[in-house]
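Spelled out, the chains give:
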Amino acid sequence: PLIADASGHVRVGFKVPEFQGALRLMAVTADGRRFGSSEKITRVRTPIALLPTYPRVLSYDETLSVPITVRNDTGRAGNFRVALAAAGAKSIEPASQQVQLANASESTVYFAVDTGGKDGEVRFVATATGNGETSRSTANVPVRADLFPITTEKAGMVDKDEIKLPLDDDGLRADTVRRKLRISPLPLVQFSGKLGELLRYPYGCAEQTVSTAFPLL
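Residues numbered from 1 in each chain as written. Predicted model: local features only at pLDDT ≥ 70, side-chain atom pairs only at ≥ 80, totals over all residues. Heavy atoms only, no water.

A. Geometry of the overall build of the chain. Across its full length, the chain carries two helices and 10 strands. Its helices and strands taken in sequence order, the chain reads β-β-β-β-β-β-β-β-β-β-α-α from the N to the C terminus. Taken against the 2.2 N^0.38 rule, which gives 17 Å for 217 residues, the C-alpha radius of gyration of the chain at 28 Å runs more than 25% over that of a compact globule. Taken along its principal axes, the extent of the C-alpha atoms in the chain is 85 × 60 × 30 Å. Entry remark: accessible area of the chain is about 17,000 Å², with carbon and sulfur atoms responsible for 54%. One finds the centroid of the 27 positive side-chain charges in the chain at a distance of 9 Å from the centroid of its 24 negative side-chain charges. (Helix = DSSP H or I, 4+ residues; strand = E, 2+ residues; numbered from the N terminus. Rg over C-alpha atoms; globule rule 2.2 N^0.38 Å. Areas by Shrake-Rupley, 256 points an atom, 1.4 Å probe, with all protein chains shown as cover. Lys, Arg positive; Asp, Glu negative; His and termini not counted. Charge placed at Lys NZ, Arg CZ, Asp CG, Glu CD.)

Here it is as structure tokens:
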């Protein structure tokens, strides 16, 4: 809670993230058995507005066009440099572009992005500079495979002092293949790990949610 001074004024600061638009400010005050409330809309904008449009998710070896709209509200016409960097992406073409804008006008430029073939995320950083002003916008976009993961399980008995287990990775992405080997004198080892799969089943339907309790019965 905040305490007003003798004239009834309160000062408070807010940390606003990267945002362009309207914020609704609301205040509620109380004094004994009396109370009141008020609200007001305030605009958040920078002299150079950057509005990039990114996909929600990226895939391997994907080439996409990222549009970035830049608006000039600096009060005068000028030449603006718009740049896009992406940590985790294979390449961006071009790295920057120049655009001439009149005051209170906007334009859209496009950047070609190659995602590469690694899992993880791409961190985009868009910047615009001109008329003595600089604006910056960042975003993180995950990179995922465009196919569902495949799990292959083999079980058997070892009756030799030495055995070879060749990897059959035909049709699989070599950099995503993971192997686990479980050895035990008990046949029940073939069920090892199944409890974890039941508890963390990735689909949220009611039947699967309830079935997580079955191994605990």
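On we go.
B. Here's a closer look at the environment of T42. With respect to the helices and strands, the residue T42 is situated in strand β2 (residues 34-44). When its relative accessible area of 32% is taken as the criterion, T42 is described as partly exposed. Discounting chain neighbours no more than four positions away, the residues touching T42 are G21, A22, L23 and L25. (Buried < 20%, exposed > 50% of the residue type's maximum accessible area, 1.4 Å probe, protein only. Contact = heavy atoms within 4.5 Å.)

C. Molecular detail of the sheet that holds strand β8 (residues 105-114). An order of β3-β4-β8-β6 is seen for the four strands of this open sheet, with the pairing classed as antiparallel. Edge positions in the sheet fall to β3 (48-52) and β6 (91-93), since each of these pairs with one other strand and no more. Pairwise comparison of adjacent strand axes, ignoring direction, gives a mean angle of 25 degrees for this sheet. (Pairing = 2+ DSSP bridges. Axes fitted to C-alpha atoms, helices over the stretch in contact; angles between N-to-C directions.)

D. Local environment of unusual backbone geometry. Following E93, the chain continues to P94 via a peptide bond in cis, the omega torsion being -15 degrees. Structurally, P94 is set in the loop between β6 and β7 (96-101). Unusually for a residue other than glycine, D61 sits at a positive phi of about 45 degrees. Assignment of secondary structure puts D61 in the loop between β3 and β4 (63-72). Residue D61 is classed as exposed on the basis of its relative accessible area of 54%.

E. Summary view of the layout of surface pockets. In this structure, the second largest pocket occupies an estimated 620 Å³ of space. As for the second largest pocket, its lining consists of 19 residues, and the residues nearest its centre are L2, V10, A27, V28 and T29. For the lining of the second largest pocket, the secondary structure elements donating two or more residues are β1 (21-31) and β2. With six residues, the top contributor of residues to the lining of the second largest pocket is β1. Counted by class, the lining of the second largest pocket contains 12 nonpolar, five polar and two charged residues. (1 Å grid on protein atoms, 1.4 Å probe; cavity = no way out; pocket = protein on both sides within 12 Å on 5 of 7 lines; lining within 4 Å. Points joined across faces, edges and corners; volume = space filled by probe spheres on them. Nonpolar A, V, L, I, M, F, W, Y, C, P; charged D, E, K, R; others polar.)

F. Highlighting the environment of K194. With respect to the helices, strands and loops of the structure, K194 is situated in helix α1 (residues 194-199). For K194 and A139, which are 55 residues apart along the polypeptide, the C-alpha to C-alpha distance reads 37 Å.

G. Highlighting a nonpolar patch on the surface. On the surface, L2, V10, V12, F14, V16, F19 and L25 cluster together to form a nonpolar patch covering roughly 640 Å² of accessible area. Note on placement: V12 falls in the segment before β1. (Patch = residues over 30% accessible without salt bridge, like charges linked within 9 Å, V, L, I, M, F, W, Y side chains within 5 Å. Salt bridge = Lys/Arg side-chain N within 4 Å of Asp/Glu carboxyl O.)

H. Summary view of the nonpolar core. Within the largest apolar cluster, 26 residues are counted, with the highest numbers of intra-cluster contacts made by I68, V70, V82, L84, V113 and F124. The set of elements that each furnish at least two residues to this core consists of β3, β4, β5 (78-87), β7, β8, β9 (120-130) and β10 (133-143). Apart from the residues within four sequence positions on either side, V70 is in contact with I48, A49, L50, V82, V99, L101, S105, E106, S107 and A128. (Core = buried A, V, L, I, M, F, W, Y, C linked by side-chain atoms within 4.5 Å.)

I. Seen up close, the pattern of salt bridges. The final tally for this structure, using the stated rule, is four salt bridges. D31 serves as the salt-bridge partner of R34, at 2.8 Å between the closest nitrogen and oxygen. The closest approach of N and O atoms between E106 and R71, which form a salt bridge, is 3.8 Å. With E106 in strand β8 and R71 in strand β4, this pair connects stretches of sequence that are 35 residues apart. Judged by its relative accessible area of 49%, E106 is partly exposed. Several salt bridges share partner residues, and in doing so they unite R71, D73 and E106 into one network.

On their own, these measurements won't tell you what the molecule is for.
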